[in-house]
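Notes for the structure review
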Amino acid sequence: MNLQAYTDIQPAEVDLGAHILVVEDEMAIQELISLNLTQAGHEPLVASSALEALDRIQDLLPDLILVDWMLPGMSGLELVRRLRSHQRTQRVPIIMLTARVDEADKLLGLESGADDYITKPFSIRELNARIKAVLRRRAPQITEDPVVFKTLSLDPATHRVHANGQEISLGPTEFKLLHFFMTHTERVYSRTQILDHVWGDHVFIEERTVDVHIRRLRSALEASGCDQLLQTVRGSGYRMTALF
Ligand code: CA
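What this report covers is the structure whose coordinates are included nearby.

Relative to strand β2 (residues 43-47), strand β1 (residues 19-23) runs parallel, the two sharing five bridges. Residue L21 lies in a different strand from β2, and its bridge partner there is L45. With helix α2 (residues 27-39) bridging β1 and the parallel β2, this β-α-β connection has right-handed handedness.

Attention now goes to the pattern of salt bridges. Inspection of the entire model under this criterion finds 13 salt bridges. Ionic pairing is found between R160 and E167, a salt bridge with its closest N-O pair at 3.1 Å. With a relative accessible area of 45%, E167 lands in the partly exposed category. Salt-bridge contacts for E206 lead to R208; the nearest nitrogen and oxygen are separated by 3.3 Å. By relative accessible area, R208 is classed as exposed at 56%.

Applying the stated criterion across every chain, the model contains three aromatic pairs. Aromatic pair W69 and Y117: ring centres 6.4 Å apart, planes at 80°, arrangement edge-to-face. Taken together, the residues W69 in the loop between β3 (64-68) and α4 (76-85) and Y117 in strand β5 (residues 116-119) connect sequence positions 48 residues apart. Ring centres of F180 and Y189 lie 4.9 Å apart, and the angle between their planes is 75°; this geometry places the pair in the edge-to-face category. Take F180 and Y189: they sit in the same class, and that class is buried.

Calculation notes
The residue numbering used here restarts from 1 in each chain and proceeds along that chain's sequence as written. Confidence filtering applies because this is a predicted model: local features only for residues at pLDDT of at least 70, side-chain atom pairs given and counted only at 80 or more, and all residues used for totals across whole chains, interfaces and linings. Only hydrogens and water are removed before side-chain values are computed, so all heavy atoms of the structure are retained for them. For two strands to count as paired, DSSP must find a minimum of two bridges between them. We count a stretch as a helix when DSSP gives it H or I for four or more residues in a row; a strand needs E for two or more, and each element gets its number in order from the N terminus. Crossovers are marked right-handed if the path from the first strand over the helix to the second runs clockwise, as seen with the strands pointing away from the viewer. Salt bridges are defined as contacts in which a side-chain nitrogen from Lys or Arg sits within 4 Å of a carboxyl oxygen from Asp or Glu. Three labels apply to residues, based on accessible area from a 1.4 Å probe with only protein chains included: buried if under 20% of the type maximum, exposed if over 50%, partly exposed otherwise in between. Aromatic pairs are defined between Phe, Tyr and Trp rings, using the six-membered ring for Trp, whenever the two ring centres lie within 6.5 Å; interplanar angles under 30 degrees are classed as stacked, those over 60 as edge-to-face, and all others as tilted.

Encoded structure:
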């Protein structure tokens, strides 16, 4: 038996990097982008065609997709339209990459449902800035920006949570759960939606696991009174709200 293999297993860490799918048929660009994404702390996935991308997405719903407009077979534009027409991929942030500079094309790209648009050639700096901006807008729970809601504050970079000025200690799942709710306040989320956002949709976990972690999170927040910010909405799910 190889004991080394067991000791090498690390406990799961809170993963703040985003899973970013790069759909690009030019290998040099694909490699350059994915190297850069890795350096920026993200986890890149690659596909060289729209069909390969759809295949990839079936296994794992990425946090963001970079799509080249000109792809062999199905175009990037068509891929974006498809993703937007399916419930599972409807809300995935998408940035289009293209050599076309025409304003009309740019509009077409945005009308197809892309969140942003980058014209080739682009600098790595520009790409990183756009990715950050789109993630901040569409998926704030995976950025490292500190979040404040009422008397709660959470800092993803230092992994610290304060409630009413007191530091509280949370397990990794409760931390992610709180981060998600603090960046998505005043809206009800079902257990399935919470699983998708916090655990990732490729993980098959029972819905009542959500209840278990919500309970742990509430009991950690109880002393500060901040547990009241997290409401159970009967028959629907949970909501973080300032109105209680
Ligand atoms: Ca191309």
